[in-house]
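The chain contents come next:
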Amino acid sequence: MKFGISLPNGWTMSLVGINDPVEAYETMTNVAKAADETGFDSVWLVDHFHTVPTPTQEVTFECMMSLAALARDTQRVRIGQIVACNSYRNPALLAKMASTLDVLSHGRLNFGIGAGWYEHEYLAYGYEFPDAPTRLRQLREALQVILAMWEQDEAQFEGKFYHVRGAINQPKGVQKPHIPILIGGAGEKVTLKLVAQYGDACNFGGDTKTVQHKMDVLKQHCETVGRDFKTIHCTTGAFCSIADSDAEAMALVPEKARAGLHENSLVGSPETIRQRIANLEGLGFGEIIIDFPSSTDLTPLRRFAKEFIVK
């Protein structure tokens, strides 16, 4: 099992009284550096312009710019978006940005993308917010544009939403055959089919029954398009609070995080968490992207690494 960390941004900073943007950035990069040093496999940033699910005045860094800085602040750990919103950037430009970022990180980028969902953010920043089927059709075209930018010397694509006519993208990145694509979301008719067609990785979660069903749907899509399901790296997110006992661990969970807990959350003693990691691995996940309770206290991160990461 691989382990990643969802880096602090927005309300996770305000919980510990960090409102100064410079301090907030240094806090975020300190978590990334600690993950790098302790053996975590990846660090991830959400792609939002302000806090979710409620917009506030709290510090929220732009994703791509921040990852460029984190690429130079770290040495080993992989970096990625969880996930980039397709609607916020033209896909040809996004492919160019990702290629550059892969070079800056010496080939450590996991490229995460999704259809987008946060209506308030779209409208606040002046983007149109089409219905979900349209956003998914746009995502389908965007994936084809991005792959063309990474694979063709002069990219060509003619679609309903996007047009690329002889675009040159140099450098194309370090990783071969191209930067791995993670597609976020669990929509059964479209999103998981896009994973089967274009994705190197996916990201979704839920309780055991939900996950088992989603995995079965993805396997069926893979069979339909002639894809080996085992070639897809399945990832999920999990909140983690670790303590000597389950009760102590639960007491450390912030109120805002409690509503999202379920049977696969990594909350409890090391023994409890070890069992839940095994359950997630048994469901088919190869990587868990973890949220820790505090952005300043690195003790839980270091304890998790000591308990569960084999160097």
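Residues numbered from 1 in each chain as written. Predicted model: local features only at pLDDT ≥ 70, side-chain atom pairs only at ≥ 80, totals over all residues. Heavy atoms only, no water.

Looking at an unreviewed UniProt entry, one finds the chain named LLM class F420-dependent oxidoreductase and attributed to Dictyobacter halimunensis.

Asker: Looking at this structure, I do not really get the nonpolar core. What am I missing?
Answerer: Nonpolar side chains in soluble globular proteins tend to be buried together. If you look at the biggest cluster of nonpolar residues, it comprises 82 residues, and the most contacted ones within it are Phe-40, Phe-111, Leu-218, Leu-266 and Phe-304. Ignoring any residue separated from it by four or fewer positions in sequence, one finds Phe-111 in contact with Gln-81, Leu-94, Ala-98, Ile-146, Trp-150, Ile-179, Pro-180, Ile-181 and Leu-182. Phe-239, Ala-243, Val-253 and Val-267 belong to the second-largest nonpolar core, a separate cluster that totals six residues. (Core = buried A, V, L, I, M, F, W, Y, C linked by side-chain atoms within 4.5 Å. Buried < 20%, exposed > 50% of the residue type's maximum accessible area, 1.4 Å probe, protein only. Contact = heavy atoms within 4.5 Å.)

Asker: Hey, could you run me through the pattern of salt bridges in this one?
Answerer: Side chains that differ in sign of charge can pair as their charged atoms come close. Inspection of every chain in the model, using the stated rule, returns seven salt bridges. In this structure, Arg-89 engages Asp-47 in a salt bridge whose closest nitrogen and oxygen atoms are separated by 2.9 Å. Here the residue Arg-89 occupies a position in the loop between strand S4 (84-85) and helix H4 (91-104), and Asp-47 occupies one in the loop between strand S2 (42-45) and helix H3 (63-73), the gap between them amounting to 42 residues. Neither Arg-89 nor Asp-47 differs from the other in exposure class; each is buried. (Salt bridge = Lys/Arg side-chain N within 4 Å of Asp/Glu carboxyl O. Helix = DSSP H or I, 4+ residues; strand = E, 2+ residues; numbered from the N terminus.)

Asker: Whenever I open this one, the pairing of strand S1 (residues 2-6) confuses me. Can you help?
Answerer: Regular strands have side chains that alternate between both faces of the sheet. Within S1, four of the five residues are buried, which leaves the element mostly enclosed by the surrounding structure. In this structure, S1 lies alongside strand S12 (residues 287-291), joined through four bridges in parallel fashion. By the bridge assignment, Ile-5 is partnered in S12 with Ile-290. Sheet analysis places S1 next to S2, joined by three bridges and oriented parallel. When the sheet's bridge partners are listed, Ser-6 is paired in S2 with Trp-44. (Pairing = 2+ DSSP bridges.)

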